[in-house]
Each structure stands twice: as structure tokens, then as C-alpha cells.
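An overview of the molecular structure
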Amino acid sequence: VQLQASGGGLVQAGGSLRLSCAAAGRTFSSLVMAWFRRAPGKEREFVAAISWTGGRTNYADSVKGRFTISRDNAKATVYLQMNSLKPDDTAVYYCAAHARRGGFLTAREDLYHYWGQGTLVTVSS
């Protein structure tokens, strides 16, 4: 599976951005999709995950109420709508996918098979 993330950029605090991640190479609807991020000098961390049909989601506490993950299976694309952005959201954002039985929405990055290249989000104060 190839994952291509896009949509990053520079935004002021309080602003919004929408990230996209297009997938190719496998039936998209069989994949659990997720977003992770790595801030400067920090470990990569879980942001959000979404089930095969989009009916279930899981968010890190730090982004609940501000970020929304969604997917369009017809377009083989997952999105991350980010609102009320803070300087602490500055990071490289990665999309990830797994096809494990059960379709669990795990925050463990070692359980994801596939990774995109990352897109940089910079939030200025």
C-alpha cells in the first residue's frame, strides 16, 4: 500500500487546515486508517484513527474536540480536519494504515503496516 499525505503548511494559531492522505495498492475499505505526528524533538504520537466504514473513530485527548478524522472510500482518501490549531500542534503529520483482523483503532504505531511520507504543519503564535 502506498500512502501519500498532503495539505500541510503554515497557519496562525486559531486557524484551520485539512490534511489528506490518498491510498493506492490495496482495497481501501479493508484498511483502518490513522494519523500520527512527530513534533520537533519528540517521539511520534498518535492523533486519530478511523474504522473501515468510518463509523468508529478514536482520538488522542490532546486533539479531541478540535480535530476530525474522516474518510471517503470511493476516493481512497482519509482526511484530518484540524481546527483551533495551537503552536503545540506543530509537527510532521503521518498517515498510517493497518489491515489486521478485527479492525481495531489502536494508538500503537507498531501495529500499523503502512506509512506515508509525512506532511509538515507549522502553527505560528
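Scroll up a little and you will see the structure.
Quantities reported herein were computed from a predicted structural model and do not represent experimental measurements.

Two cysteines whose sulfur atoms are joined by a covalent bond form what is called a disulfide. Under the criterion given, the structure shown has one disulfide. Disulfide partner of Cys 21: Cys 95, at an S-S distance of 2.1 Å. Judged by the sign of its S-S torsion, about 55°, the bond between Cys 21 and Cys 95 is right-handed. With Cys 21 in strand S3 (residues 17–24) and Cys 95 in strand S9 (residues 91–98), this pair connects stretches of sequence that are 74 residues apart. A relative accessible area of 0% places Cys 95 in the buried class.

Attention now goes to the environment of Leu 80. Within the element layout of this structure, Leu 80 appears in strand S8 (residues 77–82). Residue classification places Leu 80 among the buried positions, given a relative accessible area of 0%. Separated by 13 residues in the primary sequence, Leu 80 and Phe 67 have C-alpha atoms spaced 6.7 Å apart. With residues up to four places along the chain from it excluded, the contact list for Leu 80 reads Leu 17, Arg 18, Leu 19, Trp 35, Val 47, Ala 48, Phe 67, Thr 68, Ile 69 and Tyr 93.

Criteria and cut-off values
- Once a new chain begins, its residue numbering starts again from 1 and follows that chain's sequence as written.
- Two thresholds apply to this predicted model, a pLDDT of at least 70 for residue-level local features and 80 or more for giving and counting side-chain atom pairs, whereas whole-chain, interface and lining totals are computed over all residues.
- In computing side-chain properties, one takes all heavy atoms of the structure into account and sets aside hydrogens as well as water.
- Any cysteine sulfur atom paired with another within 2.5 Å is treated as part of a disulfide.
- Elements are defined by DSSP. Helices are runs of H or I of four residues or more, strands are runs of E of two residues or more, and each kind is numbered from the N terminus.
- Exposed residues in this analysis have more than 50% of their type's maximum accessible area, buried residues have under 20%, and partly exposed residues fall in between, with area computed by a 1.4 Å probe over protein chains only.
- Should any heavy atoms of two residues lie within 4.5 Å, those residues are counted as being in contact.

Any link to function would need more than the numbers given here.
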